[in-house]
Amino acid sequence: MFHITQLGTRPGSPLRVIVSAAQHHDDVLVVHVNAGYARSPRTGGTPAGWSSARFEWPMDPFSGVAAVDEGDQRRSVLCHRQRTRWGDFFVGELAGLDGPGVYSLEAADGISLPFEVGTGVHDRILDGYLDYTRAQRSAEEQPGVSGPLFLDDAKQDVDGAQVLAVGGWYDAGDHRQWTSTTALHLGALAAIAVEGPHAWRERARAEVNWGRDYFLHLVGDGGQVPDNVGGGALPPGFDLGTWWFENHSGTASDGSGSLPTDDLPSSGDERTVMMHRNPHAENVLVRELAASCPVGPDAQAARSRIVAERVWRRSAALPPESRTLFLASRLRAAAALLRLPRPIVSQKDVLELAEVLLRRQHVSADTEPGLSGYFMEESDVDAFRSIPYSCEPAHALLDASEVLDGEAQDRASRAVAAYIDAYLLADAESNPFGLPPYGVYLDPEDDRRQVFRAAGGGRGVRTFMAPWNRDLIVHGNSAVTMHQCHLLARAGVVAQRPDWTRAAERILHWATGANPEGLSLFMDIGYRHPVPFSPRRPNMPGAVVNGHIGRGNDTPYLETSNAVSWNTQEVYGVPAAYAAHAALWLNRAGTAPQHTTRSKDAS
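Residues numbered from 1 in each chain as written. Predicted model: local features only at pLDDT ≥ 70, side-chain atom pairs only at ≥ 80, totals over all residues. Heavy atoms only, no water.

K.L.:
Explanation requested: the sheet that holds strand 12 (residues 162-163) in the structure shown.
P.N.:
The pairing of strands in a sheet happens through backbone hydrogen bonds and is either parallel or antiparallel. The strand order across the open sheet built from five strands is 12-11-15-14-13, with neighbouring strands paired in mixed fashion. Of all strands in the sheet, those with a lone pairing partner are strand 12 and strand 13 (177-178), marking the two edges. In this sheet, strand 15 (residues 271-274) lies alongside strand 14 (residues 228-229) in antiparallel orientation, the contact comprising two bridges. What sits directly across from Asn228, in strand 15, is Met274. (Pairing = 2+ DSSP bridges. Helix = DSSP H or I, 4+ residues; strand = E, 2+ residues; numbered from the N terminus.)

K.L.:
Hey, could you run me through the sheet that holds strand 16 (residues 439-441) in this one?
P.N.:
Within the open sheet, the three strands sit side by side as 16-18-17. Their pairing is antiparallel. Strands at the two margins of the open sheet, each flanked by one partner only, are strand 16 and strand 17 (453-456). Neighbouring strand axes in the sheet, compared pairwise and without regard to direction, differ in orientation by 45° on average. With three bridges joining them, strand 16 and strand 18 (residues 459-462) adopt antiparallel strand pairing. Within strand 18, the residue paired with Val440 across the bridge is Val461. (Axes fitted to C-alpha atoms, helices over the stretch in contact; angles between N-to-C directions.)

K.L.:
Help me understand the nonpolar core in this model?
P.N.:
Soluble, globular proteins show a tendency: their nonpolar side chains are buried together. If you look at the biggest cluster of nonpolar residues, it comprises 137 residues, and the most contacted ones within it are Leu331, Leu397, Tyr419, Ile420 and Met482. If we ignore the near neighbours within four places in the chain, the residues touching Leu397 are Leu331, Ala354, Leu357, Leu358, Phe375, Ala412, Ala415 and Val416. By size, the runner-up hydrophobic cluster in this structure holds 19 residues, among which are Ile4, Val33, Cys79 and Ala107. (Core = buried A, V, L, I, M, F, W, Y, C linked by side-chain atoms within 4.5 Å. Buried < 20%, exposed > 50% of the residue type's maximum accessible area, 1.4 Å probe, protein only. Contact = heavy atoms within 4.5 Å.)

K.L.:
Which parts of the structure should I look at to understand helix 12 (residues 498-511)?
P.N.:
A turn of α-helix holds 3.6 residues, and therefore any two residues three or four places apart point the same way. For helix 12, built from 14 residues, the straight-helix expectation of 20 Å at 1.5 Å per residue is met to within 8% by its first-to-last C-alpha distance of 20 Å. Counting buried residues along helix 12, 11 of its 14 residues qualify, which places the element largely inside the surrounding structure. Of all the residues in helix 12, the buried ones are Pro498, Trp500, Thr501, Ala503, Ala504, Glu505, Ile507, Leu508, His509, Trp510 and Ala511. Packed against the buried residues of helix 12 are strand 2 (15-20), helix 1 (123-135), helix 10 (406-428), helix 11 (478-494), strand 20 (556-557) and helix 14 (573-589). Downstream of helix 12 by a residue or two, Gly513 has a phi angle that is positive, lying close to 130°. (Expected span 1.5 Å × (residues − 1).)

K.L.:
Help me understand the layout of surface pockets in this model?
P.N.:
Over the atoms rolls a probe the size of a water molecule, and its path tells where empty space is left. The volume enclosed by the largest pocket comes to roughly 770 Å³. Taken together, 28 residues line the largest pocket, and the ones lying closest to its centre are Gly187, Ala191, Ala291, Arg339 and His581. Of all the secondary-structure elements, those providing two or more residues to the lining of the largest pocket are helix 3 (184-195), helix 5 (279-291), helix 7 (324-338), helix 9 (392-403), helix 11 and helix 14. With six residues, the top contributor of residues to the lining of the largest pocket is helix 3. Of the residues contributing to the lining of the largest pocket, the split by class is 14 nonpolar, four polar and 10 charged. (1 Å grid on protein atoms, 1.4 Å probe; cavity = no way out; pocket = protein on both sides within 12 Å on 5 of 7 lines; lining within 4 Å. Points joined across faces, edges and corners; volume = space filled by probe spheres on them. Nonpolar A, V, L, I, M, F, W, Y, C, P; charged D, E, K, R; others polar.)

K.L.:
What should I look at first to understand empty space enclosed by the protein in this one?
P.N.:
What the rule picks out here adds up to four cavities of 30 Å³ or more. Volume-wise, the largest cavity comes out at about 120 Å³. For the largest cavity, the lining is made up of 13 residues, of which Leu15, Arg16, Glu505, Arg506 and His509 are closest to its centre. Tallying contributions element by element places helix 12 first for the lining of the largest cavity, with four residues. Approximately 90 Å³ is the volume found for the second largest cavity. Partitioned by chemical class, the residues of the lining of the second largest cavity number eight nonpolar, four polar and one charged.

K.L.:
Quick question: what am I supposed to make of the packing of aromatic side chains here?
P.N.:
Aromatic ring pairs are reported here in terms of the distance separating the ring centres and the angle at which the planes meet. Evaluated as defined, the whole model comprises 13 aromatic pairs. Ring centres 5.2 Å apart and planes at 75° place the aromatic pair Trp50 and Trp57 in the edge-to-face group. Arranged with centres 5.4 Å apart and planes meeting at 75°, the rings of Phe433 and Trp510 form a pair that is edge-to-face. With Phe433 in the loop between helix 10 and strand 16 and Trp510 in helix 12, this residue pair connects regions lying 77 residues apart in the sequence. This pair shows no difference in class: Phe433 is buried, exactly as Trp510 is. By the ring-pair criterion, three or more aromatic residues cluster together here, those being Trp86, Phe89, Phe433, Phe464 and Trp510. Across from the ring centre of Phe150, 3.9 Å away, lies the NZ or CZ of Arg271, which sits over that ring. Above the plane of the ring of Trp585 lies Arg588, whose end atom (NZ or CZ) is 4.0 Å from the centre. (Phe/Tyr/Trp six-rings, centres within 6.5 Å; stacked < 30°, edge-to-face > 60°. Lys NZ or Arg CZ within 6 Å of the ring centre and 35° of its normal.)

K.L.:
I'm lost on unusual backbone geometry in this one. Help?
P.N.:
The general pattern is negative phi for most residues beyond glycine and trans for most peptide bonds. Note the cis peptide between Gly296 and Pro297, where omega equals 10°. Of note, Pro297 is situated in the loop between helix 5 and helix 6 (298-317). Residues other than glycine seldom take positive phi values, yet Arg342 does so here, at roughly 50°. Positionally, Arg342 belongs in the loop between helix 7 and helix 8 (347-359).

K.L.:
Please explain the confidence of the model for the protein chain as it appears in this structure.
P.N.:
Detailed conclusions should not be drawn from predicted coordinates in areas where pLDDT is low. Averaged over the protein chain, the pLDDT score is 92; the fraction of residues at 70 or greater is 96%. In this model, residues 592-603 is a region of pLDDT below 50 whose contacts with residues beyond four sequence positions or in other chains number 25 contacts. (pLDDT = per-residue confidence, 0-100.)

Right, here's the structure in full:
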């Protein structure tokens, strides 16, 4: 079985060739590159009476033995057996295919799915993403997807006050709308509207305005930001200190609000607007509203700035939160505001936040084996881990490096390089697919039932979330990998590091078929997929699913039966937004000059 991307790759970009080795006894495998319909001829494959002079025999194409002439001029790659913790694979590196077209790979006993080489392959991610956000619109009929819902008002959980909460996007094919995740679409769509393919810019602008209008009327006059709409209520006696579920804000509500209403105001079945403070939701909304300001109309863009600044000022007047997630998203919000004309923040504000975050980066001594460059929680109580915001600290410092100058800029850039080279890519070599780690654990839980690789200093690391954890949540890693893909693609262009860009492409290849099951996690891309799950809307256009979880031994698991599981197959908007950002940066990488100089801290 070939494990190959069903999306494709850019001309000249190297492609990792991975083939299952379970049925082979040799240590090497020759893989040929085919163009179009081409296949190797087969002995005994053509029956008597069929000349094959004009058309090849169309039935049973893999009957007989491959008859590859030594003089065959097709391109080939030699793959060597690798014995990995995920099993045995043949692995080889195919230097870039420069000629645009459709190709497949072939070995003696099988052929890969077709894949494209072309400058526009990543645009297919953008096209699917625009379909997805349109289908996720709340309160508007989507023909062929859903009818109109939630056309009435809603009520706050703190006092029952009626508020306008009509519009916006759903989060995961359900009826819930988390601010910290659905607001992510504003920046991704704004980026498409500004620099995406011209044919789609108007679609993206319309989508920005749809979602932005919802957030603008949802924020209170004093800058209060609801955590979610339609999530329901907190369970009685729930401890907010454990609410974050590995920093996955918004998962504590009981789900009771994910039900249709009668669309009549004040009739008693209004959805709940959860008003308890979520600092991360505030920071994300500030950043995303600021990022959407270049997209008109001018009046709405101006309101976006006013509301973003109102939320920022209210947050600044409240006691600061110390979790690394809040600190990083606060830094990102400050950097986004500083990019605006006549900003209300200064370089000093950004620098102060960056200094605190820099102190939380774990940097190993040169003589200390193990991983380095990852981030810690305050007072080193644990390493920073997150499901939808896995690279938030590194993204924050990359943001800071773009608005600071001098030594402060250099320090932020070096921190990003250390995170990528000494942590993400250093551990990505532990598996044949180049998948970076989920996170580091200072005190690995239940290590009798689950495996942690050594991260140095007695700490453990896993590619996937540890299934035995105190909150008993096991979540797919598509959001994790797509946030990493976004970081690597973006940093690769900014720092002119093509090795980072290639690592980003490799992650994207994983998500589009180069994984153990050979399934594309993007439903509109490729030929074979898992069964996508939405409790409300089947066959969601442009859907991306939650993705792989990890067994106790840290090998990947994806549910492939019809017994759908939310953990791996639920539709999720977060990885779709990150993938759209990554696609735009990879498009830039195809035109920007790339150099191979490594940073001085890339060890």
